[in-house]
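Fold and contact review
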Amino acid sequence: MAIERYNPRVAEPKWRDAWDAAKLFQTDNSDPRPKYYVLEMFPYPSGRIHMGHVRNYTLGDVLARYKRSTGFNVLHPFGWDAFGLPAENAARDKNVNPREWTYSNIETMKGQLKTLGFSWDWTREFASCDPSYYKHQQKLFLDFWQHGLVERRAAKVNWDPVDMTVLANEQVIDGKGWRSGALVEQRDLTQWFFKITSMSQELLDGLDTLERWPDKVKLMQSNWIGRSDGLAFEFGLVGAPAGFEKLPVFTTRADTMYGPTFAAISPDHPLATELAKKNPEVVAFIEKCHQLGTSLAEIETAEKMGFDTGIKVTHPADPTWTLPLFIANFVLMDYGTGAIIGCPAHDQRDLDFARKYDLPVIDVFKPLDSDASVGDVAFVPPKTETVRYVQWGGEPTVQTCQEAMERSLALFEEAGWGQRKVQYRLRDWLISRQRYWGCPIPVIHCDACGAVPVPADQLPVELPADVTFDRPGNPLDHHPTWKHTACPKCGRQARRDTDTMDTFVDSSWYFARFTDPWNASEPTTLSVVDGSTGWLPVAQYIGGIEHAILHLLYSRFFVRAMKKTGHLNVVEEPFEGLFTQGMVVHETYKGPDGWVTPAEIKISDADGKRTASLLADGSPVEIGGIEKMSKSKKNVVDPDDIIETYGADTARWFMLSDSPPERDVIWTEAGADAAHRFLQRIWRLVAEAADALRSAEGKGADDEAIAKAAHRALKSVGEDIEKLAFNKAVARLYELVNVLAAPLGTAAETGKASAALREAVDFLIAMVAPMMPHLAEECWAAIGGTEMIAARPWPQYDPAWLVDNDVTLPIQVNGKKRGDLTISRDADQSAVEAATLALDFVQKALEGRQPKKVIVVPQRIVNVVG
RNA sequence: GCGGGCGUGGCGGAAUUGGUAGACGCAAGGGACUUAAAAUCCCUCGAUCUUUGAUCGUACGGGUUCGAUUCCCGUCGCCCGCACCA
């Protein structure tokens, strides 16, 4: 009997329609079963999906389908991170409306994604640019403001001269804008901030509760928050301008307080600014500092520069001890107090500075085994190292730096010279953007009343539709009428805030909105958002490592802020489990005229030598490195092409095979072929034996080998999926199919299938279902299934099949494997030992010696030492 | 510079966390079926040697252990994050 090849183009749409018609993936908030919220990071609607999306959503979909089959009420929603600069760039370059451009992209991408068979609840879909979404975001902003979590203040901000907007510190990479790559300038502007620093410690402490987050991400966040413990004290000032009596300083090395030889302030320090008013030399020096770039290379090569102010500072422990005060280029204004205590012997920067300006160097402590003084390399041992303190308010003392710091802190606190202080690297989150395509900041500026919140009943403050992009700057500001309005307080003419929010705000709470996107009056519905009847935290969040800091930290802040403002009940952390998947990478190809796409070439492989040539004219192509898919390198494959050629299931299967999901996966044509071959193989084996399988009993022990293989595969595949170890689950499925291939062939020939075989095929289809859902439905229907496999429960394995009556133990002699011993599982230690020693290869390996010792690890191994 | 991670066949990767190294897949080679091809099926596939077997082998060098890819110390190489953070 000839069986037709499986045709995904026919089968896949058929099953998707069936799922839709049955509303299988629509989630009911009131369903009493245990809840499981699986979420993939929502995408920016850039125009078309790429293979990275396919991988991300496949991982999430396998989990969602699996969890659904194991009895959970699964929430698996989808939406769009739809505000952002590309829409404005498209508007400017192609003369389209950003809104239309965005929604049209969404339509296109939605169409593409639908063909992949992801089990999303589309009824909950929204885009962050929907007024029905950002209305609530504006409400959150106002509530945060009311609760002291928002602040408007003048600040030195990062200005991107190309994108014509300010950037958050996190969006400045090596001194350049993260999108434009333009050199960022410093400007003084009045801007809106979320006071994320008010939660530094909570955000740090919360990391310890995130057991299912990668350590790497937690570490990155911890470093980013950057807590340091130290001493806060004040220098007295001698000869400083009026109003500057004291100079507050922070140091993490309280133990070096007896070794400073200078003090320094930042060029941006208020005292420096004050001095500049009277002294043109100071002005010149500060200007020189500002001219120095902030790029990586520039910082590394930057000379230490100082300007001696002539002012003296007095040491807190001894007012007669004075030090010179410098303005120094390496002191940052936005960390600590913008002033430092310079202890050259134990800080390389201070030492470089001291050597340049001929300042004294005082050794505070020395190594135990040397009396040498510091030369050009500062002595900075680990804090746990024991050293000899020679410059130490008293007798020389041998102790660790840690101990010395503790003693010093205690001394300074007791004497009233300073206090312990905790300092964080984290800065407040600047959210104002001078852009059009973002959520408007719902504030009205009135000359009489100041910044006034837009009343709740006037939300949303909607973006105007009629905007132009023919000149640089903010279209909202240019708009002829939009910003003019009445002050809600006094009714006089006032102006709307023309800034929009950083788009990271949009993605900081969308996961909460998905729990009830229909609530028109409130951002969240408290009965379903979290707590015993609600969804949050997200049980498994899946996305790229590139969001390790920004998006995830902001979301963690938002959850805390939403709880404070009554928009959440109990939840502390948004994402209970986090999984960061790797990229999809591909070989690159370089032809005579530059990079060429994989579709344009042909690869031949003879005896392991791979060569490539252009399809068009056969000219040779150089096979380059494996890199992240990018348009510039042309090493992209289009998901549409893959689906057209192989179908969605093959693409999904490939994404799960071979590479562990947290690592990069290399997309290859051969791999895609192999995935497709396996899909066809399953179909052929099942379809050819379908008649036999249909008439077989559903459960049975009539073929031990098959039953064992099936139950074992079922157990390990379930466990692997729970661990998101999809590559291992895939390997187990290959193994199972290898076992079933021959019996299925026989069944097809004889028309008879054992009950065990039928059960094994049931298991196989159930296990394949989360990964290749369309194929699973087709197979299930072929062997007589009536309800859809997507609606059926995950089968139960029988533990009885997991144990063998006999075990085969590897036998080692002196640590080297010499053979195997098959023995009853219940055999006790002495029986195993006796049987081992009786083996001829053991005797031979012992060469007549008496065994000194026999180590029997039950069910594992035997090692004879002789 | 600081912090973190990784290193296993030609390739992607397994190895029950101290117990048979190389599962599974790819690539390659050989064979069967076929007029032929495709598809499918079967076999081989870490290295070396004196090849019914043995020795070596998880970046390199040591160590702990009956036993180490796994733990410890050192070296080399690669990757990631942060970076004048006091």
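Conventions adopted
- Along every chain, residues carry numbers that run from 1 in the direction the sequence is written.
- Each chain takes a letter, starting from A, and each ligand takes a number, starting from 1, following the order in which they are written.
- Owing to the predicted nature of the model, reporting of local features is limited to residues with pLDDT of at least 70; listing and counting of side-chain atom pairs is limited to 80 or more, with chain, interface and lining totals taken over all residues.
- Side-chain numbers here rest on the full set of heavy atoms in the structure, without hydrogens or water.
- UniProt positions are given in the numbering used here, feature names are shortened, and annotations may be inferred rather than shown by experiment.
- The helix and strand labels rest on DSSP assignments: H or I over at least four residues marks a helix, E over at least two residues marks a strand, and numbering proceeds from the N terminus.
- Partly exposed residues are those whose accessible area sits between 20% and 50% of the maximum for their type, while under 20% is buried and over 50% is exposed, using a 1.4 Å probe and protein chains only.
- The contact criterion used is simple: two residues touch if any of their non-hydrogen atoms lie within 4.5 Å.
- Throughout, the Shrake-Rupley method with a 1.4 Å probe supplies accessible areas, and for residues the shown protein chains are the sole cover considered.
- Note on pairing: DSSP must find at least two bridges between two strands before they are called paired.
- Between N-to-C directions, angles cover 0 to 180 degrees, with each direction set by a line fitted to C-alpha atoms, over the stretch in contact for helices.
- Roughly parallel refers to an angle under 35 degrees, roughly antiparallel to one over 145, roughly perpendicular to one between 65 and 115, and oblique to any angle outside these ranges.
- For a crossing to be left-handed, the near helix must be turned anticlockwise from the far one by less than a right angle; the clockwise case is right-handed.
- Three categories are distinguished: nonpolar for Ala, Val, Leu, Ile, Met, Phe, Trp, Tyr, Cys and Pro, charged for Asp, Glu, Lys and Arg, and polar for the others, with Gly belonging to the last.
- Here, a salt bridge means any Lys or Arg side-chain nitrogen found within 4 Å of an Asp or Glu carboxyl oxygen.
- Here, proximity means that at least one heavy atom of the residue falls within 4 Å of the molecule or strand.
- Definition of a polar contact: a pair of N or O atoms within 3.5 Å, with one able to donate and the other able to accept a hydrogen when the atoms are protein atoms, and with sequence-neighbouring residues admitted only if both atoms are side-chain atoms.
- When two rings of Phe, Tyr or Trp (its six-membered ring) have centres within 6.5 Å they constitute a pair, described as stacked for plane angles under 30 degrees, edge-to-face for angles over 60, and tilted for the intermediate range.
- A ring is considered to have a charge above it if a Lys NZ or an Arg CZ atom is located within 6 Å of its centre and within 35 degrees of its normal.
- Helix span, expected: 1.5 Å multiplied by one less than the number of residues in the helix.
- Note: the arc covers the axis-to-C-beta directions of the helix.
- Per residue, pLDDT captures the predictor's confidence, and it can take any value from 0 to 100.

Going by what an unreviewed UniProt entry lists, chain A is known as Leucine--tRNA ligase and is assigned to Tianweitania sediminis. Listed in UniProt under the heading Catalytic activity (unreviewed entry), the comment for chain A reads: "tRNA(Leu) + L-leucine + ATP = L-leucyl-tRNA(Leu) + AMP + diphosphate". UniProt lists a comment for chain A under the heading Subcellular location (unreviewed entry), and it reads "Cytoplasm".

Moving on to the overall build of chain A. Counting secondary structure elements, chain A contains 27 helices and 36 strands. Each of the three principal axes of chain A carries a C-alpha extent, and together these read 105 × 85 × 65 Å. Per-residue burial over chain A gives 53% buried out of 866 residues. Put simply, 71% of the contacts in chain A that link residues at least 6 apart link residues at least 24 apart. For chain A, the exposed surface amounts to about 38500 Å²; the carbon and sulfur share of it is 51%.

Between L459 and P460 the backbone carries a cis peptide bond, its omega angle lying at 0°. Counting through the fold element by element, P460 comes out in the loop between β21 (450–453) and α13 (475–478). Omega for the peptide link from L536 to P537 comes to 0°, which places this bond in the cis form. Positive phi values are uncommon outside glycine, yet N95 reaches one of about 55°. Within the secondary structure, N95 sits in the loop between α3 (85–94) and α4 (98–114). Despite not being glycine, D658 shows a phi value in the positive range, around 65°.

The side chains of a regular strand alternate between both faces of the sheet. Across two bridges, strand β20 (residues 443–446) lies against strand β23 (residues 493–496) in antiparallel orientation. Paired with I444 across the two strands is R496, which belongs to β23. From the end of strand β22 (residues 484–486) to the start of β23, which pair antiparallel, there are six residues, and G491 there has a positive phi angle of about 80°.

On to the packing of helix α22 (residues 704–722) against helix α24 (residues 755–768), then. Closest axis-to-axis distance for the α22/α24 pair is 9 Å, and the angle between their directions is 20°. As summarised for this structure, α22 and α24 are arranged roughly parallel, according to the angle between their axes. Seen along the crossing, α22 lies across α24 with a hand that is left-handed. Contacts from I706, A707, A710, H711, A713, L714 and V717 of α22 reach α24 at A756, L757, E759, A760, F763 and M767. Taken together, the residues that form the contact of α22 with α24 break down as eleven nonpolar, one polar and one charged.

A sheet is described by the order of its strands in space; here three strands give the open sequence β14-β15-β16, paired in antiparallel fashion. Two strands in the sheet have a free side with no partner beyond their single neighbour: β14 (365–366) and β16 (397–400). Set on the sheet, helix α12 (residues 401–415) makes contact with β14, β15 (386–389) and β16; between it and β16 the angle comes to about 105°.

Another aspect to go through is the pattern of salt bridges. Counted according to the given criterion, the structure contains 44 salt bridges. As a salt-bridge pair, K277 and E274 come within 3.2 Å of each other at their nearest N and O atoms. Taken as a pair, K277 and E274 lie in helix α8 (residues 270–278) at a separation of three residues, close to a single helical turn. Three or more residues are tied together by salt bridges with common partners; here these are E151, R153, K195 and D428.

This part is about the protein's contact with RNA strand B. Taken together, the neighbourhood of RNA strand B is formed by 52 residues, with T252, K304, R349, E735 and N863 sitting nearest. Looking at RNA strand B alone, sugar and phosphate atoms form 62% of those within 4 Å of the protein. The separation between a base oxygen of RNA strand B and a polar side-chain atom of K304 is 2.6 Å. Within the side chain of R677, one N or O atom sits 2.8 Å away from a phosphate oxygen of RNA strand B. The dominant element in the surface near RNA strand B, judged by the number of residues it contributes, is helix α23 (residues 726–750), at seven residues. Among the residues forming the surface near RNA strand B, the class breakdown is 22 nonpolar, ten polar and 20 charged.

Moving on, we come to the packing of aromatic side chains. Evaluated as defined, the whole model comprises 57 aromatic pairs. Site record: aromatic cluster; members linked through ring pairs are F141, F144, W145, W192, F194, W429, F504, Y554, F557 and F558. Positioned above the aromatic ring of F193, the side-chain terminus of R153 is 4.2 Å from the ring centre.

Looking now at the side chain of T256. For T256, the position within the fold is in the loop between β9 (246–251) and β10 (262–265). Here T256 is in contact with C343, H346, V364 and F365, once residues within four sequence places are set aside.

Moving on, we come to the sheet that holds strand β33 (residues 806–813). Read across the sheet, four strands follow the order β34-β33-β36-β35 without closing on themselves; strand pairing throughout is mixed. Among the strands making up the open sheet, the edge pair consists of β34 (816–824) and β35 (853–857). Strand-to-strand twist in this sheet, taken as the mean axis angle between neighbours without regard to direction, amounts to 20°. Strand direction decides the pairing type here: β33 and β34, joined by eight bridges, are antiparallel. Among the inter-strand pairings, L809 is bridged to a residue of β34, identified as L821. Running over the sheet, helix α26 (residues 829–838) touches β33, β34, β35 and β36 (861–865) and is turned about 130° from β34.

Here the focus is the UniProt feature "domain: Aminoacyl-tRNA synthetase class Ia" (unreviewed entry) in chain A. Sites flagged by UniProt as "domain: Aminoacyl-tRNA synthetase class Ia" (unreviewed entry) map to residues 426–519 and 627–666. A helix fraction of 13% and a strand fraction of 22% characterise residues 426–519, whose end C-alpha atoms lie 34 Å from each other. The straight-line gap between the two end C-alpha atoms of residues 627–666 is 9 Å; of that span, 42% is helix and 10% is strand.

To continue, consider the packing of α8 against helix α9 (residues 280–291). The relative placement of two packed helices comes down to the angle between their axes together with the axis-to-axis distance. Taken N-terminus to C-terminus, the directions of α8 and α9 make an angle of 130°; their axes are 6 Å apart at the nearest point. When the axes of α8 and α9 are compared, the pair comes out oblique. Judged by residue contacts, A272, L275, A276 and K278 of α8 engage P280, V282, V283 and I286 from α9. Of the residues assigned to the contact of α8 with α9, the class counts are seven nonpolar, no polar and one charged.

This part is about α24. Across its 14 residues, α24 extends 20 Å between first and last C-alpha, which sits within 8% of the 20 Å expected from 1.5 Å per residue. Counting buried residues in α24 gives 14 out of 14 residues, a clear majority hidden from the surface.

As a further point, take helix α1 (residues 8–22). Its 15 residues place the ends of α1 21 Å apart at the C-alpha level, agreeing with the 21 Å of an ideal helix rising 1.5 Å per residue. Within the span of α1, buried status applies to P8, A11, E12, W15, R16 and W19. End-on view of α1: buried residues confined to an arc of 125°, all on one side of the axis. Of the residues in α1, the exposed ones pointing more than 90 degrees away from the buried face are R9, V10, D17 and A21. Where α1 begins, the capping side chain belongs to N7, and its oxygen is found 3.0 Å from the backbone nitrogen of R9. K23 sits one or two positions beyond α1 and adopts a positive phi of about 50°.

This paragraph deals with the environment of F514. Structurally, F514 can be placed in the loop between α15 (510–513) and α16 (526–529). Sequence-distant contacts of F514, that is, excluding residues within four places in its chain, are made with Y37, L39, L75, P77, F78, G79, R124 and F126.

Turning to the confidence of the model for chain A, a few remarks are in order. Looking at chain A as a whole, the pLDDT averages 91, with 98% of positions reaching at least 70. As scored by the predictor, the complex reaches a pTM of 0.93 and an ipTM of 0.95.

If you trace the backbone, W417 turns up in the loop between α12 and β17 (418–423). For W417, a relative accessible area of 26% corresponds to the partly exposed category. W417 sits 101 residues away from P316 along the chain, and the two C-alpha atoms are 5.6 Å apart. Leave out the neighbours within four places in its chain, and W417 touches F233, E234, Y258, P316, A317, L411 and F412.

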